Every structure is written in C-alpha cells, then in structure tokens.
2 protein chains.
Amino acid sequence: MTSTDMIQINEVQLESDPNRGNMVILREHQEADRYFVMFIGDAEFTAIAKEKGLIQPPRPLTHELYLSIMEKLNTEFLRVEIYDIRNDTFYANVYLKTDGVEHSVDSRPSDAVALALNRRIPILVRHDLFRRKLTEEQVKEYQDVVKTVKF
Amino acid sequence: MTSTDMIQINEVQLESDPNRGNMVILREHQEADRYFVMFIGDAEFTAIAKEKGLIQPPRPLTHELYLSIMEKLNTEFLRVEIYDIRNDTFYANVYLKTDGVEHSVDSRPSDAVALALNRRIPILVRHDLFRRKLTEEQVKEYQDVVKTVKF
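Residues numbered from 1 in each chain as written. Chains lettered and ligands numbered in written order. Predicted model: local features only at pLDDT ≥ 70, side-chain atom pairs only at ≥ 80, totals over all residues. Heavy atoms only, no water.

1. Things to note about the interface of chain A and chain B
The interface is formed by 34 residues belonging to chain A together with 34 residues belonging to chain B. Buried area between chain A and chain B, summed over both chains or domains, comes out near 2800 Å², and the portion from carbon and sulfur atoms is 69%. Ionic pairing is found between Asp106(A) and Arg59(B), a salt bridge with its closest N-O pair at 2.8 Å. Run the count over chain A and chain B and you get 10 residue pairs in polar contact (both at pLDDT 80 or more). For the side of chain A that touches chain B, the class distribution of residues is 18 nonpolar, 9 polar and 7 charged. (Contact = heavy atoms within 4.5 Å. Buried area = accessible area lost by both parts, 1.4 Å probe. Salt bridge = Lys/Arg side-chain N within 4 Å of Asp/Glu carboxyl O. Polar contact = N/O pair within 3.5 Å; in protein donor to acceptor, adjacent residues only side chain to side chain. Nonpolar A, V, L, I, M, F, W, Y, C, P; charged D, E, K, R; others polar.)

Below, the structure is given as structure tokens:
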C-alpha cells in the first residue's frame, strides 16, 4: 500500500460531547479498528446528522440550498476524497463532472462528507490519515493534540 | 405601497452579543430608520462576516464550496428575496438563470444574504417585514419574542 492509497468509507459515525465537541468518525466498515476522526463545527454536524436521517430541520440547510440549485443543472457528482493534512488542517476534494468534463473542487472534509451522503457518492480517505481504534483515554489525549485543528 | 412591495437592501450589518446571540440587520441605506432584523446561527454569521471582509477563514466555507462549483457551470444569479414569515420563520428565495430559464429556489434568509453578498446581486425584503428603529430596550423585548424563531 503506498502512502497515497485511498480507503472507501462505509461507516459515518457522529459523536457529540460537551467537553470534546463534535466529532465525525469514518471507518471502512462497522467493525474496522482503524478510524479517521475529525472535529467539526455545529453547522457541519447538523448537516451530516440530517443526511444520516437523525434529525429533520424544518428549513433547507446551506448545502441543501446549493444541491437543490444544482439539481436544475447538468452536474454529476463522482466522489469525495480526504487526501491530506497540512498545518494541522485536513484537506478534501469534491470530484464532479459537467458537460463531460471532470473537475475537482477544494473543500473542507466536513462539507465533503455531507455532500457525499446527500448525493450517495463514495467517500475516500487516504489510508495513512487513519488511526488505530482509540481508547477513551487516547481520544481525550488526541483531542488535546487537535483542539487547535481547524476544519 | 402594497403588502408585497419589496425594498432593496444597501446596508448589511452584523451584531453579536453573548446574551442575545448573532443578528443580521438589513436596511435600505445606512441612515434608514426601518430595519429588518433576524437572529442567525454561528456558521451563517461567519459566512456573512467573510463576505463583508471582516474575517478571512483559511478554508472554504460551505457556500464558497458550492459557489466555486457553480463557477464551472453556466449559472447566473439574479437576486434574493426575503418574502414571508410563517410559523415564526422567515422565508427567502434565490432567483437564478441557467440556459436562459429563470428558477427560484427555497432558502433560509441567512444563506440568501451570504450568497447575495458573494455574487454581488440585489437583496430585496418585503417592506412589511421591516421594523422601526429599535431602542436597546425594544431590542431586548423583541429578542424575547423571537428567541424561538428558527432560521
């Protein structure tokens, strides 16, 4: 496996904790012991929770506004990729096709995950951004390390 | 002036208060004594602050992701309209044109304002949704009335 190999996500889990904040945890499958974890804002947490059917906000969220606009356009979403961490920030791309031409667009990973769940397209994460299954203690420790990480 | 007449906004003001929360205040011009006020979430506040040049988040915000996608498409944004209040919730539409056909899309007013500032298109608000200039006391009173209002 090379450092740029991607793993496809089949399990998107949300966790909210008053002390640690909102997290999204991505795994290859439900029993996988390797995780991709990132801390996300309230709005992105709400967007992903909506896409997972956990909540039903009465009004369109930001990404729903734009996706409903794009339903009127000739756009095919292909996949999203979380592909790097630089300066403590994860980076993602959204891949789409319009009029037969493929484009990639720079995105925060949280927006990319919400988009992918809405459009039912693959979420891919570079394998060396995963971590081994964390204990409660390790999660707290990790959170200290990443509390300044911006998404 | 009929009840459906719209007023064009030339002044978008943000206010954040630890007790009252985030507000966006829309006025026809800087000295106008009639206001449209709504309480908005943190993400929408950030989006409008970015569009006003008040902050520079390092990564694309949700609406920026989608607007950068749409720059690759043949979409012309025309205007946004905040046109109704129903069940304590303000309603807005985004008007756009694609391949010569005009569409309107349901939006939260906060998203519509961020989009309009980004695309430099008109913001219109139905005139009877405006309020007379409020005193500090009236703002507090108004906030009690609308604290359950969802945007």
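2. Topic: the confidence of the model for chain A
Residues and elements named next belong to chain A. In this model, chain A carries an average pLDDT of 90, and 90% of its residues clear a pLDDT of 70 or more. In the model of chain A, helix 4 (residues 136-146) stands out as the element of lowest mean pLDDT, 68, in contrast to strand 8 (residues 123-126), which has the highest, 98. With a pTM of 0.84, the predicted complex shows an ipTM of 0.84. (pLDDT = per-residue confidence, 0-100. Helix = DSSP H or I, 4+ residues; strand = E, 2+ residues; numbered from the N terminus.)

3. Some remarks on the relation of the copies chain A and chain B
By a simple turn and slide, chain A fits onto chain B: the slide is 0.0 Å along the axis, the RMSD is 0.0 Å, and the turn is 180°. Read as a symmetry element, the transformation amounts to a two-fold axis. The residues that chain A uses at the interface reappear at the interface of chain B in 100% of cases, marking a shared surface. (Least-squares fit on C-alpha atoms with pLDDT ≥ 70 in both.)

4. Regarding the packing of helix 1 (residues 42-51) of chain B against helix 3 (residues 109-119) of chain B
Residue and element names in this part refer to chain B. At a closest axis distance of 9 Å, the pairing of helix 1 and helix 3 adopts a crossing angle of 15°. The angle between helix 1 and helix 3 places the two elements in the roughly parallel class. Crossing hand, helix 1 versus helix 3: left-handed. Between helix 1, through Glu-44, Ala-47, Ile-48 and Glu-51, and helix 3, the contact on the second element is made entirely by Ser-110, Asp-111, Val-113, Ala-114, Leu-117 and Asn-118. Residue classes in the contact of helix 1 with helix 3 are distributed as 5 nonpolar, 2 polar and 3 charged. (Axes fitted to C-alpha atoms, helices over the stretch in contact; angles between N-to-C directions. Parallel < 35°, antiparallel > 145°, perpendicular 65-115°, else oblique. Left-handed = near helix turned anticlockwise from the far one by under 90°.)

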